[in-house]
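# Examination of the molecular architecture
Now for the letters of each chain:
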Amino acid sequence: IDIVIGTNSKNAPLWSMTGNAIHSARENAGIKIGQIVIIEECLYAREHPGTKTLYYDFEFNYNKCLNLGFSVCKSKYVAFCNNDLHFEQNWARNAIYAMETHDFLSVSPTSKHIFGGLKVGWEVGKQLLGWCIIIDRIVMEMIGGFDDPVNFWYSDDVYAEQLKAAGIKHALVGNSRVRHFTS
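As the structure is a computational prediction, the values presented were derived from the model and not from experiment.

### Description of the state of the cysteines
Within the structure shown, the criterion is met by 0 disulfides. For Cys42, which is in no disulfide, the shortest distance to another cysteine sulfur is to Cys65 and amounts to 13 Å. For Cys42, a relative accessible area of 6% puts it in the buried group.

### Digging into the pairing of strand β9 (residues 170-180)
Counting buried positions along β9 yields 8 of 11 residues, so the element is predominantly enclosed. Summarising the sheet, strand β5 (residues 85-87) and β9 pair through 3 bridges and their orientation is antiparallel. Within the sheet, the bridge partner assigned to Phe87 lies in β9 and is Val178. Two elements, strand β7 (residues 118-120) and β9, share 3 bridges in a ladder whose sense is antiparallel. By the bridge assignment, Leu118 is partnered in β9 with Val173.

### Regarding unusual backbone geometry
Located in the positive-phi region is Asn90, a residue other than glycine, with phi close to 65°. Tracing the sequence through the fold places Asn90 in the loop between β5 and α3 (91-102). The exposure class assigned to Asn90 is buried, which follows from its relative accessible area of 16%. A positive phi angle, close to 55°, is found at Asp103, a residue other than glycine. In this structure, Asp103 sits in the loop between α3 and β6 (106-110).

Rules behind the numbers
- Along each chain, numbering runs from 1 in the same order as the chain's sequence is written.
- In view of the model being predicted, local features appear only for residues whose pLDDT reaches at least 70, and side-chain atom pairs are presented and counted only at 80 or more, with totals across whole chains, interfaces and linings using the full set of residues.
- Working from all heavy atoms in the structure, the side-chain values ignore hydrogens and water.
- When two cysteine sulfur atoms lie within 2.5 Å, the pair is treated as a disulfide.
- Type-normalised accessible area, obtained with a 1.4 Å probe on protein chains alone, sets the label of each residue: buried when under 20%, exposed when over 50%, and partly exposed for intermediate values.
- Numbering goes from the N terminus for both helices and strands, where a helix is a DSSP run of H or I of at least four residues and a strand is a run of E of at least two.
- Note on pairing: DSSP must find at least two bridges between two strands before they are called paired.

Written out as structure tokens, the structure reads:
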């Protein structure tokens with residue numbers, strides 16, 4: 001699995017937050033991590049060790065940043081993530097297991113320890129959690145990349161509509177847990 005993380009490390013606390021997300025993603029994946037791609041808005045931010053950092057100078061657009069990150073990914077699975085996350089034990093292993101055993105091409109981990117199964121659907125904030133989406137790379141071929149008609153808010157709604165239009169099922173995976181700090 002490759003991981004794409006969008007960030008704007010304009011100060012030390014934000015840079016550290018991204019570092020914490022990177023560390024917990026690596027340590028708790030339960031499987032081999034391919035590469036971690038940081039999409040960095042702050043042109044003077046230093047790179048995080050062991051990552052590939054792509055700096056951009058266009059006006060911020062969340063989905064455009066995700067597309068940029070995907071352009072250098074090579075793994076079968078790709079996680080698109082915010083930088084304000086803490087990844088819990090076996091988050092990637094459990095998500096990919098659910099994808100492979102239930103024929104899902106797109107899933108989100110849950111942030112709460114309230115259930116262990118799957119919740120199928122495209123409802124943003126319920127089954128589709130835009131702060132962490134894990135896909136099989138074929139999804140990008142099927143939808144033509146993330147549409148980018150909005151800059152930030154509703155980017156996940158745009159993705160949900162793309163999944164619906166392509167007939168791609170999405171699920172919330174109850175035993176894949178990633179805490180979102182909503183900073």
